[in-house]
Each structure stands twice: as structure tokens, then as C-alpha cells.
Amino acid sequence: MARVFSGIQPTGEIHLGNYIGALRRFVPAQDVDDCVFCIVDLHAITLPQDPETLRAKTLDLAAIYLAAGIDPNRSTLFVQSHVHEHAELAWILNCFTTVGELRRMTQIKDKSARQEDVSVSAGLFDYPVLMAADILLYRTERVPVGDDQRQHLELTRDVAMRFNARFPDTFVLPEADIPTAEGGARIMDFQNPEAKMSKSADSPQGTVKVTDPPDVLRRKVKSAVTDSGREIVFREDKPAISNLLTVYSIATGRSIPEVEAEYAGKGYGEFKDVLADALVEFLRPLQERHRELLADPGEIARLLRVGAEKARALATVTLAEVYERVGFLSRG
Ligand code: ATP
Ligand code: LTN
């Protein structure tokens, strides 16, 4: 069994990009691998958060994970701040990462471009190092993520290799597990097919939440931007319809060529109708379980406590080894 690790931030609402690019793929991994899934609240505060909202979102994200099919008996599901080893290892790794490397991270540039330079927190800048700590603490072999995380995974490997060059065989080098474009590596905003669907973008109509009720899902599909022309094909010069085709293919489990063949000569309107129906059905089971789970927040909190204990048992071993190698005096 390979160790699998991934994390999602408890900010905003989980959208179709998060579900297709990441969360949905965590579920079958549980059958073959030893999986650790995290709600990364330390990452969430790199941008300002309202404390009560953050607390509520953390519990809600746990319910989404469970509703999507994460089984707490087979996998470890926990909240990042419950396992203090994450912050501790991040500090050590900070001393093995250069400012130059962090400056090259494009996601930071995108996020900080929306703010004045003086108000970008050091935490936002340092975000990828905390992510490296998350992954390396668990001796992770495979990290299922969307395409936007590719650069962060490369940094994680670079930092691990640098540490290992100094202190051999400390960290396992993780592999990014990113789907193909047709497999949903990068789901685009329904209103702006040039931008990835994102929790932090201000595009309420273009961001399809996994908890959107059927009427809202239908409306967002109907109002989705389309390309010029009327062909239903997956092609680089047709980013909008390619995106909708990807979503339809994943929601129905049918291949893109099969769907292209079926809708050849038909119009966008007709395709959007079937896409809306498919999306409602695709999300229905998750939405039903999510509602049931939220009825008992005490049980969710209990599962997270158990998860944190399981995670800590793994994390302490790695951190102790790292502390010993860098030369910290043993506690006793
Ligand atoms: P933000 O856009 O505010 O940074 P986010 O929507 O990327 O947030 P995260 O919690 O950072 O959400 O990401 C959780 C997982 O979802 C990651 O594995 C990420 O790669 C994946 N993901 C996010 N957006 C998309 C997308 N549009 N298409 C495919 N995967 C995505
Ligand atoms: N940076 C990721 C969230 C994240 C993550 C991780 C993903 C934090 N730690 C470890 C995979 C493994 C994001 O913004 N999507």
C-alpha cells in the first residue's frame, strides 16, 4: 500500500473544480492505498478569515469529505491545526528553502496580485513550505491534486532532496498525481473559461458549488459562457465548450469522443440541458449525505479527534527523526 496524502482549505465553498480535480479521486484511492486527508486550516489563514466562519467551514468541509465517500475507518481524516507537527516541520523546512524559490511560485503571485504588496502576509508567501511539511511528515508517496498544485509539488520534492542530501534517507520523495485535461485537471470558471474555477475568485455565477441546489445548478449551466460557432468539440480554441464537455464526461462516465459523436450537429442549448440534468444527478448523492451528516456536528467533531490521533502517531515519528538529525538536544 502506498501512502497517499492530500489537503483542501476550509475557505469558501467546495466547487466542481475541487471535487473533480481532487476530492472525487480520493475515494477510490482508499481501496488500494493508505490515505491521509487533511483540512488545511493553517493554510486558510494566509488570507484574512472571520474566526466563526472559519470554524463553521472547517466542520462543513469535514462533512463534505465524508459525504463524498471518505471512510474514517479506512482513511485518516483530520484538521491540520490539531497536529502541531505540521507547523514545526514547516519551520525546519523554511531553513532549507530559499526566498528565490518562493518568489518563483506563480500561485502566490496570482493571489498577491489582488492585494497591495505591503498587505501580503509572510504566511501567504511561505504557504508552499507548509504544504511541503504536510506531505513530507507522512512519508507520502502520492499526492492527488489539481493541475494548479504542480509547482508546489515540485518545490516539495526539491526541498526534500536538499534535506536528504544533507541528512540522507530522511524524506520520501512524493509524486504528484494530476489528472489529464480530459480527466479534470483544471476545471474552468463557467463565466470565464480563461480562469480556473476558484474558491477565492469573485465569480458567483461561474463557480459551481457541490452543494448548489438543482435549480441553481441548472441556472449556472444555462448561463455558462460558450465559444463562438456551435460545434460541440474538445479543442484548444474552444475553451468554454471543452470545459463543459469535460464536466459532462466525468459526470456521466462517458468518454469525450463518445459524447462529441452523440452531439455532432446539435446545438449548445440542447447540450446544456443534458449537462444540467447530469450534473444534478452527479451531485445528488453527495448532497443528500452532506445534509444528513450536518445534523450531527458532535459526531463529525468526534471523528476528527480520532483522525488527529491517528495522524499524530505518524507525524511524531518523522518529526522526532528530523529534530535528531538537525542536531536538536533530546528532550529526555
Ligand atoms: P483558491 O482558488 O482560493 O486557491 P481552490 O479552489 O484552489 O482555492 P483549494 O482548497 O486550494 O481550493 O484546493 C483543493 C484541491 O482542489 C487542490 O488539489 C486543487 O488542486 C484542486 N483544485 C482547485 N481548483 C481546481 C480546478 N479549477 N480544477 C481542478 N482542480 C482544482
Ligand atoms: N495548497 C493546496 C492545499 C494543500 C495541499 C496540501 C494539497 C495544503 N497542503 C498537501 C496537497 C497536499 C491548495 O491550495 N489547493
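Residues numbered from 1 in each chain as written. Chains lettered and ligands numbered in written order. Predicted model: local features only at pLDDT ≥ 70, side-chain atom pairs only at ≥ 80, totals over all residues. Heavy atoms only, no water.

Section: the site of ligand 1
By nearness alone, 21 residues border ligand 1, and Asp148, Lys196, Ser198, Lys199 and Ser200 come closest of all. The separation between an oxygen atom of ligand 1 and a polar main-chain atom of Gln9 is 2.9 Å. At 2.7 Å from an oxygen atom of ligand 1 is found a side-chain nitrogen or oxygen belonging to His15. Among the detected pockets, ligand 1 sits in the largest pocket. (Near = heavy atom within 4 Å. Polar contact = N/O pair within 3.5 Å; in protein donor to acceptor, adjacent residues only side chain to side chain. 1 Å grid on protein atoms, 1.4 Å probe; cavity = no way out; pocket = protein on both sides within 12 Å on 5 of 7 lines; lining within 4 Å. Sits in = over half its atoms within 2 Å of the grid points.)

Let's talk about the packing of aromatic side chains
For the structure shown, the criterion picks out 14 aromatic pairs. Both rings, one in Tyr323 and one in Phe328, keep their centres 5.0 Å apart while their planes meet at 75°; by these two values the pair is edge-to-face. A residue is classified by how much of its surface remains accessible, and Phe328, at 44% relative accessible area, is partly exposed. Within the aromatic cluster, the residues linked to one another by ring pairs are Phe96, Phe163, Phe167 and Phe171. Across from the ring centre of Tyr263, 5.4 Å away, lies the NZ or CZ of Lys266, which sits over that ring. (Phe/Tyr/Trp six-rings, centres within 6.5 Å; stacked < 30°, edge-to-face > 60°. Buried < 20%, exposed > 50% of the residue type's maximum accessible area, 1.4 Å probe, protein only. Lys NZ or Arg CZ within 6 Å of the ring centre and 35° of its normal.)

Looking at the nonpolar core
Core analysis: the largest hydrophobic core is formed by 55 residues, its most contacted members being Leu16, Tyr65, Phe190 and Phe271. Counting residues per element, this core draws most heavily on helix H12 (residues 268-294), which supplies 10 residues. There are two domains that each give this core at least three residues, and those are domain 1 (2-179 + 297-326) and domain 2 (214-291). Sequence-distant contacts of Tyr65, that is, excluding residues within four places in its chain, are made with Ser6, Gly7, Ile8, Leu23, Phe26, Phe37, Cys38, Ile39, Ile70 and Leu77. Ile108, Ala132, Leu136 and Leu153 belong to the second-largest nonpolar core, a separate cluster that totals 40 residues. (Core = buried A, V, L, I, M, F, W, Y, C linked by side-chain atoms within 4.5 Å. Helix = DSSP H or I, 4+ residues; strand = E, 2+ residues; numbered from the N terminus. Domains from an automatic or database assignment. Contact = heavy atoms within 4.5 Å.)

Some thoughts on the site of ligand 2
Within the structure, ligand 2 sits among 13 residues, and His43, Tyr127, Met131, Asp134 and Gln149 are positioned closest to it. One nitrogen or oxygen atom from the side chain of Tyr127 is found 2.5 Å from an oxygen atom belonging to ligand 2. For ligand 2, whose accessible area on its own is 360 Å², the fraction buried by protein is 91%. If you map ligand 2 onto the pockets, it falls in the largest pocket. When residues of the shell around ligand 2 are traced back to their parent elements, those giving at least two are strand S1 (3-8) and helix H7 (122-137). With four residues, H7 is the single largest residue contributor to the shell around ligand 2. Residues of the shell around ligand 2, tallied by class, amount to seven nonpolar, five polar and one charged. (Areas by Shrake-Rupley, 256 points an atom, 1.4 Å probe, with all protein chains shown as cover. Nonpolar A, V, L, I, M, F, W, Y, C, P; charged D, E, K, R; others polar.)

Some points on the domain arrangement of the protein chain
Structurally, the protein chain comprises domain 1 (2-179 + 297-326) and domain 2 (214-291). Between the C-alpha centres of domain 1 and domain 2 there is a distance of 31 Å. On the domain 2 side, the residues contacting the 11 residues of domain 1 number eight residues. Summed over both sides, the interface of domain 1 with domain 2 buries roughly 840 Å², with 78% coming from carbon and sulfur. (Buried area = accessible area lost by both parts, 1.4 Å probe.)

Notes on unusual backbone geometry
Positive phi, normally seen in glycine, also occurs at Arg139, with a value near 50°. Along the chain, Arg139 falls in the loop between H7 and strand S4 (142-144). We classify Arg139 as partly exposed; its relative accessible area is 27%. Non-glycine residue Asp169 carries a positive phi angle of around 60°. Following the sequence through the fold, Asp169 ends up in the loop between helix H8 (150-166) and strand S5 (175-177).

Considerations on the pairing of strand S3 (residues 76-79)
Along any regular strand the residues' side chains alternate between the sheet's two faces. Burial along S3 is two-sided: Thr76 and Phe78 and Leu77 and Val79, pointing in opposite directions, are all buried. Relative to S3, strand S2 (residues 34-39) runs parallel, the two being bridged by four bridges. Residue pairing across strands places Phe37 opposite Leu77, the latter belonging to S3. (Pairing = 2+ DSSP bridges.)

Some points on the side chain of Thr207
Position of Thr207 relative to the elements: it lies in the loop between S5 and helix H9 (214-222). At 2.8 Å, the side chain of Thr207 and the backbone oxygen of Ser203 are in polar contact. When neighbours within four sequence positions are excluded, Thr207 is seen to be in contact with His15, Asp189, Met197, Ser198, Asp212 and Lys220.

Structural notes on the layout of surface pockets
Taken as a whole, the largest pocket encloses approximately 1000 Å³ of empty space. Lining of the largest pocket is provided by 49 residues; of these, Asn18, Gln107, Asp148, Gln149 and Lys196 occupy positions nearest its centre. Elements with a minimum of two residues in the lining of the largest pocket: S1, helix H1 (16-32), helix H6 (106-113), H7, S4 and H8. Of all the elements, H1 adds the most residues to the lining of the largest pocket, at five residues. The class makeup of the residues in the lining of the largest pocket is 17 nonpolar, 21 polar and 11 charged. Within this model, the second largest pocket holds a volume of roughly 330 Å³. (Points joined across faces, edges and corners; volume = space filled by probe spheres on them.)

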